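In case you want the letters, here they are:
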Protein chains: 2
Amino acid sequence: MKEFLKTKGFKMTPQRELIFRSFFEMGKHVSVEELYDKVHQKDRSIGYSTVWRNLKVICKVGLAEEVNLGDGVTRYDRVTREPHGHLFCQNCKRLIEFDIHAVLPYLVETGEEKNFRADSFKIEITGLCEDCQAMENKKNERLH
Amino acid sequence: MKEFLKTKGFKMTPQRELIFRSFFEMGKHVSVEELYDKVHQKDRSIGYSTVWRNLKVICKVGLAEEVNLGDGVTRYDRVTREPHGHLFCQNCKRLIEFDIHAVLPYLVETGEEKNFRADSFKIEITGLCEDCQAMENKKNERLH
DNA sequence: TTGCAATTGAATATCGTTTTCAATTGGCCG
DNA sequence: CGGCCAATTGAAAACGATATTCAATTGCAA
Ligand SMILES: [Mn+2]
Ligand SMILES: [Mn+2]
Ligand SMILES: [Zn+2]
Ligand SMILES: [Zn+2]
C-alpha cells in the first residue's frame, strides 16, 4: 500500500494507515462521519478533517468513488471491477447493490449517440427495503 | 391551477402565481437560484425563501421532482409522463435527457427480486458534452 | 542528518438548504 | 360586505455537510 501510494505521489503516515485500513474493514458505503467515529475510537487524536481528506485521497488513487443520493450525505463506495447499481432505502438509508451488466451496453450506446464522453454511470432505485416495509405493516396493524 | 391547488390544500397568491408560471416557462432542470433570479426580475419584492418553498410545493403537488447530481445543487425537473435518464456534463452542468423505456423493465424486475418497493428510478451518465469536448480540444491545440 | 513538501488537527469559512418569526393575506363563513 | 384564522410571505438566522486556512509536525529523498 505504501508503495502504491508512492506511485501516486502520496506519503504514508500512521493516521493515513489507520484511516485506509478502517475504511476497507468497514465495507461499502461509508460516510465521513461513520468512518471518523470508527477511526476516532482507535485513535482519539485523529481529526475529522484528516479523515475527510483521506477519503478524498482514497478516491483520487482510484480505490473508491463518491456516491450521492440526495439525502445530503456523501458516501464512499469501494471501487470494484463490477459496475453496479443501488437500491436506496429512504427509511433506513441502507444501500443494496445489484448487477447492471444487462443495461450498461444500452447506456454506453446512448452516450455515443449524443456524442457524449461518458465518465461514469449511475443507476439508483429509491424506495423501501424489505425490512422497512415489514415495519411499516406492523405499524399499520397496530392502528386497528 | 387555482382550483387544482385547492384540491391539494394550498392557496393561490400573486407570488405563487408568478413563481409557478416562471417555473413552467423556464423549462427543465431549474435550480432555486435560477428561478429566484428570473422571478426577482419580474417582482423585486419576492423573497428567496418564497421561491424555495414554492418549488417544494410544486413537487408536493406532483408537478416536479428534485434532481440531485452530486454537485451540491438541487434542480427541479418537470414531471412528464415519460421516464427519462440524464446525461450530465460536468463542465457546463447541462442536462441532456434520454429515453429509458428499454431498461426500465429490467430495473423493475430487479426491485421485485429483492422485495424492494421502488418509488423512483434514476439513471445518470456523467461526463463531457459534445460542445465541451470541442472546447477542450481547442484548448489543447493552443498548447502546441 | 538535513531540507522541504506533504500531512495533520483545530478552527474557521463556505454555501446551499431549511427554519423561525412577526406581519400579511387569501378565502371560507356568517 | 366584514371578520376570522390558517396559510403564506420576506428577512434574518440557523443548520449541516463540505472545504479551506494556518501553524506545527513529519515522512522521506538526497
Ligand atoms: Mn455500491
Ligand atoms: Mn430531466
Ligand atoms: Zn430500509
Ligand atoms: Zn458541457
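Residues numbered from 1 in each chain as written. Chains lettered and ligands numbered in written order. Predicted model: local features only at pLDDT ≥ 70, side-chain atom pairs only at ≥ 80, totals over all residues. Heavy atoms only, no water.

### With respect to the overall build of chain A
Piece 1. Across its full length, chain A holds 6 helices and 6 strands.
Piece 2. For chain A, the N- to C-terminal ordering of α and β elements is α-α-β-α-α-β-β-β-β-α-β-α.
Piece 3. The C-alpha atoms of chain A give 19 Å as radius of gyration, which overshoots the globular expectation for 144 residues (15 Å, by more than 25%).
Piece 4. The principal-axis extents of the C-alpha atoms in chain A amount to approximately 60 × 50 × 20 Å.
Piece 5. The burial tally for chain A puts 39% of its 144 residues in the buried class.
Piece 6. Summing over all exposed atoms, chain A offers an accessible surface of approximately 8500 Å²; the carbon and sulfur share of this is 48%.
Piece 7. Within chain A, the 23 negative side-chain charges are centred at a point lying 8 Å from the centre of the 24 positive side-chain charges. (Helix = DSSP H or I, 4+ residues; strand = E, 2+ residues; numbered from the N terminus. Rg over C-alpha atoms; globule rule 2.2 N^0.38 Å. Buried < 20%, exposed > 50% of the residue type's maximum accessible area, 1.4 Å probe, protein only. Areas by Shrake-Rupley, 256 points an atom, 1.4 Å probe, with all protein chains shown as cover. Lys, Arg positive; Asp, Glu negative; His and termini not counted. Charge placed at Lys NZ, Arg CZ, Asp CG, Glu CD.)

### Concerning the coordination of the manganese ion (ligand 1)
Metal coordination angles have textbook ideals: 109.5 degrees for a tetrahedral set of four donors and 90 or 180 degrees for an octahedral set of six.
Residues and elements named next belong to chain A.
Piece 1. Surrounding the manganese ion (ligand 1) are the protein donor atoms H29 (NE2), D77 (OD), H84 (NE2), H86 (NE2) and E97 (OE), at 2.0 to 2.3 Å.
Piece 2. The motif formed by the donor residues of the manganese ion (ligand 1), counted along the single chain, is H-x47-D-x6-H-x1-H-x10-E. Taken together, the positions of H29 in the loop between α2 (14-26) and β1 (30-31) and H86 in strand β4 (residues 84-89) put the pair 57 residues apart, joining distant regions of the chain.
Piece 3. For H29, a relative accessible area of 12% puts it in the buried group. (Donors = N, O, S within 2.8 Å, 3.2 Å for Na, K, Ca; no water.)

### What about the coordination of the manganese ion (ligand 2)?
Residue and element names in this part refer to chain B.
Piece 1. In this structure, H29 (NE2), D77 (OD), H84 (NE2), H86 (NE2) and E97 (OE) serve as the protein donors to the manganese ion (ligand 2), at separations of 2.0 to 2.3 Å.
Piece 2. Here the donor residues of the manganese ion (ligand 2) are spaced in sequence according to H-x47-D-x6-H-x1-H-x10-E. One end of the pair, H29, is in the loop between α2 (14-26) and β1 (30-31); the other, E97, is in strand β5 (residues 95-99), and 68 residues separate them in sequence.
Piece 3. Taking relative accessible area as the criterion, E97 reaches 21% and is therefore assigned partly exposed.

### Digging into the packing of α2 of chain B against helix α3 (residues 32-42) of chain B
Residues and elements named next belong to chain B.
Piece 1. Two elements in contact, α2 and α3, have axes separated by 10 Å at closest approach and are oriented at 120°. Taken together, the axes of α2 and α3 are oblique relative to one another. Here the hand of the crossing between α2 and α3 comes out right-handed. From α2, L18, I19, S22, F23, E25 and M26 reach across to α3, where they touch E34, L35, K38, V39 and K42. (Axes fitted to C-alpha atoms, helices over the stretch in contact; angles between N-to-C directions. Parallel < 35°, antiparallel > 145°, perpendicular 65-115°, else oblique. Left-handed = near helix turned anticlockwise from the far one by under 90°. Contact = heavy atoms within 4.5 Å.)

### Considering the nonpolar core
Piece 1. By size, the foremost hydrophobic cluster in this structure holds 28 residues, and its most contacted members are I123 of chain A together with I123 of chain B.
Piece 2. When contributions to this core are tallied by element, the ones reaching two or more residues are β4, β5 (95-99), α5 (104-113) and β6 (117-128) of chain A together with β4 (84-89), β5, α5 (104-113) and β6 (117-128) of chain B.
Piece 3. When near neighbours in sequence (up to four residues on either side) are disregarded, I123 of chain B contacts L107, K122 and I123 of chain A together with G85, H86, F98, I100, V103 and L107 of chain B. (Core = buried A, V, L, I, M, F, W, Y, C linked by side-chain atoms within 4.5 Å.)

### Things to note about the sheet that holds strand β3 (residues 74-78) of chain B
Residue and element names in this part refer to chain B.
Piece 1. Across the sheet, which stays open at both edges, the 3 strands sit in the order β1-β3-β2 with antiparallel pairing between neighbours. On the outer flanks of this sheet lie β1 and β2 (64-68), each paired with one strand and no other.
Piece 2. Pairing analysis gives 2 bridges linking β1 to β3, with the strands arranged antiparallel. Across the sheet, residue V30 finds its bridge partner in β3, namely Y76.
Piece 3. Against the sheet, α2 touches β1, β2 and β3, its axis set at about 80° to β3.
Piece 4. Across the sheet, helix α4 (residues 48-60) touches β2 and β3, and the angle it forms with β2 is around 115°. (Pairing = 2+ DSSP bridges.)

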